[in-house]
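Okay, here's what each chain looks like letter by letter:
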There are 4 protein chains.
Amino acid sequence: ELGNFSEDCFKINPDYVRSFVFESKLMPSTWIVIRIDGCHFHRFSDVHEFNKPNDKQALDLMNLCAVAVLEEFQDIVFSYGVSDEYSFVLKKDSQLYQRQASKIVSAVVSFFSSVYVMKWKDVFQEKDLKYPPSFDGRAVCYPSNEILQDYLAWRQVDCHINNQYNTCFWSLVKLGKSKTEAQNYLKGTQAREKNELLLKEFGINYNTLPLMFRQGSSIFRVKTENTAMLESDASSIVKTETKIIREYCNIIEQSFWEAHPSILN
Amino acid sequence: ELGNFSEDCFKINPDYVRSFVFESKLMPSTWIVIRIDGCHFHRFSDVHEFNKPNDKQALDLMNLCAVAVLEEFQDIVFSYGVSDEYSFVLKKDSQLYQRQASKIVSAVVSFFSSVYVMKWKDVFQEKDLKYPPSFDGRAVCYPSNEILQDYLAWRQVDCHINNQYNTCFWSLVKLGKSKTEAQNYLKGTQAREKNELLLKEFGINYNTLPLMFRQGSSIFRVKTENTAMLESDASSIVKTETKIIREYCNIIEQSFWEAHPSILN
Amino acid sequence: ELGNFSEDCFKINPDYVRSFVFESKLMPSTWIVIRIDGCHFHRFSDVHEFNKPNDKQALDLMNLCAVAVLEEFQDIVFSYGVSDEYSFVLKKDSQLYQRQASKIVSAVVSFFSSVYVMKWKDVFQEKDLKYPPSFDGRAVCYPSNEILQDYLAWRQVDCHINNQYNTCFWSLVKLGKSKTEAQNYLKGTQAREKNELLLKEFGINYNTLPLMFRQGSSIFRVKTENTAMLESDASSIVKTETKIIREYCNIIEQSFWEAHPSILN
Amino acid sequence: ELGNFSEDCFKINPDYVRSFVFESKLMPSTWIVIRIDGCHFHRFSDVHEFNKPNDKQALDLMNLCAVAVLEEFQDIVFSYGVSDEYSFVLKKDSQLYQRQASKIVSAVVSFFSSVYVMKWKDVFQEKDLKYPPSFDGRAVCYPSNEILQDYLAWRQVDCHINNQYNTCFWSLVKLGKSKTEAQNYLKGTQAREKNELLLKEFGINYNTLPLMFRQGSSIFRVKTENTAMLESDASSIVKTETKIIREYCNIIEQSFWEAHPSILN
């Protein structure tokens, strides 16, 4: 009866097969961070000849993808990106996919990847995408605002430390040193020494480098209130609008969060 | 010292922040199945005007992506696709990403999504991709060959049942019935009745429909042994080659697995 | 060489065997509640002829066990017991067993069970323990004080509702009704009606029943500061002492937590 | 209305509170091993003056508890004990507590602990139990017979290695060496050397020590078929009986499993 299938298929018990599925639900009332990282992006950036230490176009593309992710997933309230990684923060009471970890992670990383390929030519008009990029992802929960802010601060400190190191490293390489020589040269140097090296040897004032390179990119929603005066009776109505904006700003200091109270509340 | 960062960043304890990461490792020595499903593909297939009940090009694209996944992830031994879903089977002793569920799922689903966008124009020359497609994914483990085969058989039975229903449904709709009328008409009908309906009302012999629609697509590795005769001394050497092939075949019956013993062993 | 073992034992790879162990670590910085429940205590209370609806001695024994648990596990800051269940709250930053769920749950439930048997005769001088009691347990995490308090309030509301119902039920049964008749009689009655029934039919003023029965038992640590005046120089020193105390009190209202700020801080 | 509770309790949403409960279900169709270990048993054996390196009575008590566990939990097919640890194997398709890890682990460890206290005086007539013993536990799943047997073999090899070491160690200590001296003396010695030490220095032929010390204890179910001849018509009926037996045997070699095929099938 079943087309050209034998009766073997009647032996299958779907409930039994399905019983192997396990659900990993993320704890309710906690901040969910979806962090994605480029897979083998060392090679990817070589093949696609990204500028070192930072490729503005590559970062712009990452940011375009992140904006698209925030447009697609309404529950994401904040995101922070640096290099080939991006962290997306879902609001505490999000019920996206009933908080199933693998569904949320996979849907976000899949959408991000699709946009990356679709928008490649918008950013890299002169370069072809030579093979499919991919990202891995994972979900982590943070039970309080403080710990969430610590997480994001940690990523920004990492951005800074890596950027300072890489700026020195690639300056030395461009000067003619081998990668190993540059590595050895920088081993054990402090932040101040690196800044001095940049200034004295290469005439680079670290603090004047583009903010995007030094601070990473923060993309988040802001609520704006527009007050419209009605001519008829001179009364006013307030309309709340939500916009997605991108900033290269210091998210370690409390002032950022105080300036944007709607993100965490 | 740290660029324009205040001393706030020294308060962050990376070990503490990292302690919130949890690892969900998949049980060793079990078959890992990564199953991906299109997100909101009902709308996606409407917007992109896919043929109903089956769009050959859309399925071809899914299959191209699956082949690319098998080329990228050497540990995948078998995959089965139907409609907008695909199941990828990793070998029992795979150590991919140390068997971390979220890494494996996200890397596979991300790569699949990238390829889907990159190869769209290869398949749909006449159609533009209107917005980024996305897939969700999850991992399930099966402890024995029997249960893995039951899982795959279950997917193929589902393929058959859905295809038979959808072929009837869309034939009725093309005839002028509304979707609700078609639904009601088919409610409670058996497989035999559906086949009769197709034959009598629409002149469709279900069993002559394309195998890809009725059986789904199996993409897997086969090992072939090539014996080369050396001219010099008339001795022969055997070279094992692994190829990725695509078949529209019955995977419910044991004969398939007996014909391809290298898949599960 | 290995005693009378054959060489088979050299084939075992302990690392491989150990790789099947999975660790389920509880999220850092969240309240851990270990909840234990008597296994088959309906039968246990019948066999040991516990008074219905409440057996003061049985509850005293549960409370003795809970005190012992708090003495043994320093990280437990609060516990609440009703009937054959007990909830133990570990402080947010507890590192007990590195927060491994199964270790914490099993150690607490095992210790509780041992004490239950050891102290049985202290409470039930006239009754023998006829077979080994057992309890099951589980761990749940709560990310904030509010949700932890909601959990505890929920248990106390349950205590109240069950106690009011059971007081009516067993009064009716003692009056000669069958259990089914008593059940039907009470079906759908409201709290006020149950109180009226008790008062009018049985002369029981619900609000004068023992607090332990109506409110359950709270066992927790309190810090007391003792100021000692030194004779020598008339200076004083403050010694902080921690005591474990047992109260039958309302833990739903904020006033309890305000009166004991050291529990949650 | 609710006794002396304020209206605060109406604010609690039980579904929300319950949503924090997570279930960790053990994979279907895999062997579940519940392994329990004495908590701080180094101290426990000192306080209760257990004989070193092995206390026959202490091991007898562990074995009595294990027998009681098998009588209580019908799904346990095999158990193996050594020192203060015991491993209980549940049959592959057990549905005990719907395979919820924490329920199974806690119920087994709680029952074991209760029996340990209840039966103490049966074994140690001359010794009082000075404080409540406790055990921790955990569940591990094994997907095949081979890996389960490897796990059990690993425990028995451990038993042997520890017993040989401890027999040497305590012989040296009894001779007057300090614990540190004994430790240093044995550092790096091979199995053969330890056996020679025992024989030459202490006149102990390791292989004649009690089997319980050298092999650990295996407690399991055996099915026996009793054929009863009916006098009336000389026909016979076969009755299958299941008995729990205790053996000190080699479970590393296949012959044991072949002799008791009903354990794993």
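To be clear, the structure that these remarks concern was listed above.
Okay, so let's go over this structure. (Residues numbered from 1 in each chain as written. Chains lettered and ligands numbered in written order. Predicted model: local features only at pLDDT ≥ 70, side-chain atom pairs only at ≥ 80, totals over all residues. Heavy atoms only, no water.)

### Overview of the relation of the copies chain A and chain C
At step 1: Mapping chain A onto chain C calls for a rotation angle of 180° and an axial translation of 0.0 Å; the resulting RMSD is 0.1 Å. Such a combination of rotation and displacement between the chain copies is what one expects of a two-fold axis. Of the C-alpha atoms belonging to chain A, the one lying closest to the rotation axis is found on Pro143(A), 2.6 Å away.
At step 2: Both copies share a contact surface, since 100% of the interface residues of chain A are interface residues in chain C too. (Least-squares fit on C-alpha atoms with pLDDT ≥ 70 in both. Contact = heavy atoms within 4.5 Å.)

### So, the interface of chain B and chain A
At step 1: Contact residues are listed per partner, giving 64 residues for chain B and 64 residues for chain A.
At step 2: With both sides pooled, the region where chain B packs onto chain A buries about 5600 Å², and carbon together with sulfur makes up 67% of that total.
At step 3: Inspection of the chain B/chain A interface yields ten residue pairs in polar contact (both at pLDDT 80 or more).
At step 4: Within the residue set of the side of chain B that touches chain A, elements represented by two or more residues are α1 (14–18), α4 (101–123), β4 (135–142), α5 (145–174), α7 (191–202) and α8 (211–215) of chain B.
At step 5: When residues of the side of chain B that touches chain A are assigned to their parent elements, the largest contribution, 13 residues, is made by α4(B). (Buried area = accessible area lost by both parts, 1.4 Å probe. Polar contact = N/O pair within 3.5 Å; in protein donor to acceptor, adjacent residues only side chain to side chain. Helix = DSSP H or I, 4+ residues; strand = E, 2+ residues; numbered from the N terminus.)

### What to know about the relation of the copies chain B and chain A
Mapping one chain copy onto the other needs a rotation about an axis and a shift along that axis.
At step 1: Here chain B sits on chain A after a turn of 180° about the axis and a move of 0.0 Å along it, with an RMSD of 0.2 Å.
At step 2: Both copies share a contact surface, since 100% of the interface residues of chain B are interface residues in chain A too.

### A few points about helix α4 (residues 101–123) of chain D
Residues separated by three or four positions in an α-helix point in the same direction, a consequence of the helix having 3.6 residues per turn.
Residues and elements named next belong to chain D.
At step 1: With 23 residues, α4 extends 32 Å from end C-alpha to end C-alpha; this agrees with the ideal 33 Å at 1.5 Å per step.
At step 2: Its maximal kink placed at Val-117, α4 deviates by approximately 35°.
At step 3: Across the 23 residues of α4, 18 count as buried, placing the element largely inside the fold. (Expected span 1.5 Å × (residues − 1). Bend = angle between axes of the 7 residues up to and from the residue. Buried < 20%, exposed > 50% of the residue type's maximum accessible area, 1.4 Å probe, protein only.)

### Regarding the sheet that holds strand β2 (residues 76–82) of chain B
Residues and elements named next belong to chain B.
At step 1: Read across the sheet, six strands follow the order β4-β1-β3-β2-β5-β6 without closing on themselves; strand pairing throughout is antiparallel. Bordering the open sheet on either side are β4 and β6 (236–247), each of which pairs with just one other strand. Going across the sheet, the axis of each strand differs from the next one's by a mean of 20°, ignoring polarity.
At step 2: As paired elements, strand β1 (residues 31–38) and strand β3 (residues 85–90) share six bridges and run antiparallel to each other. (Pairing = 2+ DSSP bridges. Axes fitted to C-alpha atoms, helices over the stretch in contact; angles between N-to-C directions.)

### Details of the pattern of salt bridges
At step 1: Under the definition given, this model contains 48 salt bridges over all chains.
At step 2: The partner of Lys200(B) in a salt bridge is Glu196(B), with the nearest N and O atoms 3.9 Å apart. Taken together, the residues Lys200(B) and Glu196(B), both in helix α7 and four residues apart, mark about one turn of the helix.
At step 3: One salt bridge connects Arg35(D) with Glu85(D), and the closest N-O pair in it is separated by 3.3 Å. Of the two residues, Arg35(D) is situated in strand β1 (residues 31–38) and Glu85(D) in strand β3 (residues 85–90); the sequence distance between them amounts to 50 residues. Both residues of the pair, Arg35(D) and Glu85(D), count as buried. (Salt bridge = Lys/Arg side-chain N within 4 Å of Asp/Glu carboxyl O.)

### Observations concerning the interface of chain A and chain C
At step 1: Contacts between the two partners involve seven residues from chain A, matched on the other side by seven residues from chain C.
At step 2: Across the chain A to chain C interface the summed buried area is about 490 Å²; carbon plus sulfur atoms make up 83%.
At step 3: Looking at the side of chain A facing chain C, the largest losses of area belong to Met27(A), Ser29(A) and Pro143(A), adding up to 78% of the total buried there.
At step 4: Between chain A and chain C we count zero salt bridges in total.
At step 5: In terms of residue class, the side of chain A that touches chain C is built from five nonpolar, two polar and no charged. (Nonpolar A, V, L, I, M, F, W, Y, C, P; charged D, E, K, R; others polar.)

### So, the sheet that holds strand β6 (residues 236–247) of chain D
Pairing between the strands of a sheet comes from backbone hydrogen bonds, and it takes one of two forms, parallel or antiparallel.
Residue and element names in this part refer to chain D.
At step 1: With antiparallel pairing, the six strands of this open sheet are ordered in space as β4-β1-β3-β2-β5-β6. Each edge of the open sheet is held by one strand with a lone partner, namely β4 (135–142) and β6. Each neighbouring strand pair of the sheet contributes to a mean axis angle of 20°, computed without reference to strand direction.
At step 2: With six bridges connecting them, strand β2 (residues 76–82) and β3 associate as antiparallel partners. Bridged to Val-82 within β3 is Glu-85.
At step 3: Taken strand by strand, α4 contacts β1, β3 and β4, and its axis lies near 140° from that of β4.

### Some points on unusual backbone geometry
At step 1: Backbone torsion omega between Lys52(A) and Pro53(A) reads 0°, so that peptide bond is classified as cis.
At step 2: Relative to the elements of secondary structure, Pro53(A) occurs in the loop between α2 (41–47) and α3 (56–72).
At step 3: You will see that Arg99(A), though not glycine, has its phi angle at about 60°, which is positive.
At step 4: Along the polypeptide, Arg99(A) turns up in the loop between β3 (85–90) and α4 (101–123).
At step 5: Positioned with a positive phi, His40(D) is a non-glycine residue whose angle comes to about 50°.

### Points about the pairing of β6(D)
Remember that side chains alternate between the two faces of the sheet whenever the strand is regular.
All names here are of chain D.
At step 1: Note that strand β5 (residues 217–229) and β6 share twelve bridges and pair antiparallel. By the bridge assignment for β6, Lys-223 is matched with Thr-242.
At step 2: Turn length for the β5-β6 hairpin, with the two strands adjacent in sequence and antiparallel, is six residues, and the turn residue Ala-234 shows positive phi of about 60°.

### Quick look at the environment of Asp37(A)
Residue and element names in this part refer to chain A.
At step 1: Examined against the element boundaries, Asp-37 turns out to sit in strand β1 (residues 31–38).
At step 2: In sequence terms Asp-37 and Val-109 are 72 residues apart; their C-alpha atoms lie 9.3 Å from each other.
At step 3: If we ignore the near neighbours within four places in the chain, the residues touching Asp-37 are Asp-84, Glu-85, Ser-134, Phe-135 and Asp-136.
At step 4: In this structure the side chain of Asp-37 is engaged in a polar contact, spanning 3.3 Å, whose partner is the side chain of Arg-35.

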